[in-house]
Amino acid sequence: MTGPIEIVRTVADLRARVAGWHADGETVAMVPTMGAIHDGHMALVRQARTLADRVVASIFVNPLQFGQNEDFNAYPRGEARDAALLAEAGAVLLFAPNAAEMYPDGFATTVHVGGLTDGLCGTSRPTHFDGVATVVAKLLLQCGPDVAIFGEKDYQQLLVIKRLVRDLDIPVEIVGGAIVRENDGLALSSRNAYLSAKEREAAPLLHTAIRQAAAEVAAGQTIELALESARAAIEAAGFRIDYLEVRDPKTLELLSGTVGEARILVAAFLGKTRLIDNVPVPPQA
Ligand code: PAF
């Protein structure tokens, strides 16, 4: 069942809607987003519908999670289009606060998740995960959903959010949503819109290379040799690698040698666009 979507802009209105559903015995799932809705977000909303009676999506381009020289101003915005797509996927309520509602004058609290945020994106984007953890803690406390869904494309983010919810006793179940890919393997991302036609052609090579490395590691190759081939393939496609690593899928501990289960994670620039991707070891069918 899909229908119109109601838009609320204040925490008070959001809480009133969710409290009404809970009072009627209905369960609520939340899908937090920064807008620029694509099929990956819509898949999260569809997944959310299978887990709860009502789906609330949020759109907030969170200034705290962008570094000084990053794309906060350029980040694609278009609420009417986004709202229509979220409704089509089955969300019934959109929480779209402005910056003053989220960060009123005098806002002075930062949520920091230690350990898990130290490497990978945490190294090249040192303030990013504090911004994510702070806004996600707020969104979950504002909405009070029974379950919240975050995409596995941001794999480190997903683990950080699971940890923050556990550590702060926020009463919500965090569920990961599988990465949605274009037919050629490129993971869907709002930032794909920045790619030129030539870059778009090269972009799927990132996934091809880490998938190949995952197959090699699963077949008993050492991580070092598998990554050497992947690095060469990614650079030959025109990328500048930020990181390419194999980590424990639960703790994100850096792995080496031969392993059974792992996650291969990559971030790389194609021109000015920074793309991230990850795959499991052993690879999924
Ligand atoms: O993944 C995102 O879109 C954002 O990091 C999130 C979780 C909505 C927080 O702003």
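These remarks concern the structure in this document. (Residues numbered from 1 in each chain as written. Predicted model: local features only at pLDDT ≥ 70, side-chain atom pairs only at ≥ 80, totals over all residues. Heavy atoms only, no water.)

**A word on the packing of aromatic side chains**
Piece 1. Applying the stated criterion to the full structure yields four aromatic pairs.
Piece 2. Arranged with centres 5.9 Å apart and planes meeting at 55°, the rings of F60 and Y103 form a pair that is tilted. Note that F60 is positioned in the loop between β3 (54–59) and α3 (79–89) and Y103 in the loop between α4 (99–102) and α5 (121–124), a separation of 43 residues in sequence. As far as the burial class goes, F60 and Y103 line up, both buried.
Piece 3. Here the aromatic rings of Y103 and F107 are separated by 4.9 Å at their centres, their planes lie at 65°, and the arrangement is edge-to-face.
Piece 4. A residue is classified by how much of its surface remains accessible, and Y103, at 15% relative accessible area, is buried.
Piece 5. Joined through ring pairs, the aromatic side chains of F60, Y103 and F107 make up one cluster.
Piece 6. Over the aromatic face of F72 sits the side chain of R77, whose NZ or CZ is 4.8 Å from the ring centroid. (Phe/Tyr/Trp six-rings, centres within 6.5 Å; stacked < 30°, edge-to-face > 60°. Helix = DSSP H or I, 4+ residues; strand = E, 2+ residues; numbered from the N terminus. Buried < 20%, exposed > 50% of the residue type's maximum accessible area, 1.4 Å probe, protein only. Lys NZ or Arg CZ within 6 Å of the ring centre and 35° of its normal.)

**Re the site of the ligand**
Piece 1. The environment of the ligand is made up of P32, T33, M34, Q65, V135, V136, F150, D154 and Q157.
Piece 2. Here Q65 contributes a side-chain N or O atom positioned 2.6 Å from an oxygen atom of the ligand.
Piece 3. At 2.7 Å, a side-chain N or O of Q157 approaches an oxygen atom of the ligand.
Piece 4. Within the complex, the protein chains bury 89% of what would otherwise be the 290 Å² of accessible surface of the ligand.
Piece 5. Secondary structure elements with two or more residues in the shell around the ligand: β2 (28–33) and α6 (128–143).
Piece 6. Each residue belonging to the shell around the ligand can be placed in one class, and the counts come to five nonpolar, three polar and one charged. (Near = heavy atom within 4 Å. Polar contact = N/O pair within 3.5 Å; in protein donor to acceptor, adjacent residues only side chain to side chain. Areas by Shrake-Rupley, 256 points an atom, 1.4 Å probe, with all protein chains shown as cover. Nonpolar A, V, L, I, M, F, W, Y, C, P; charged D, E, K, R; others polar.)

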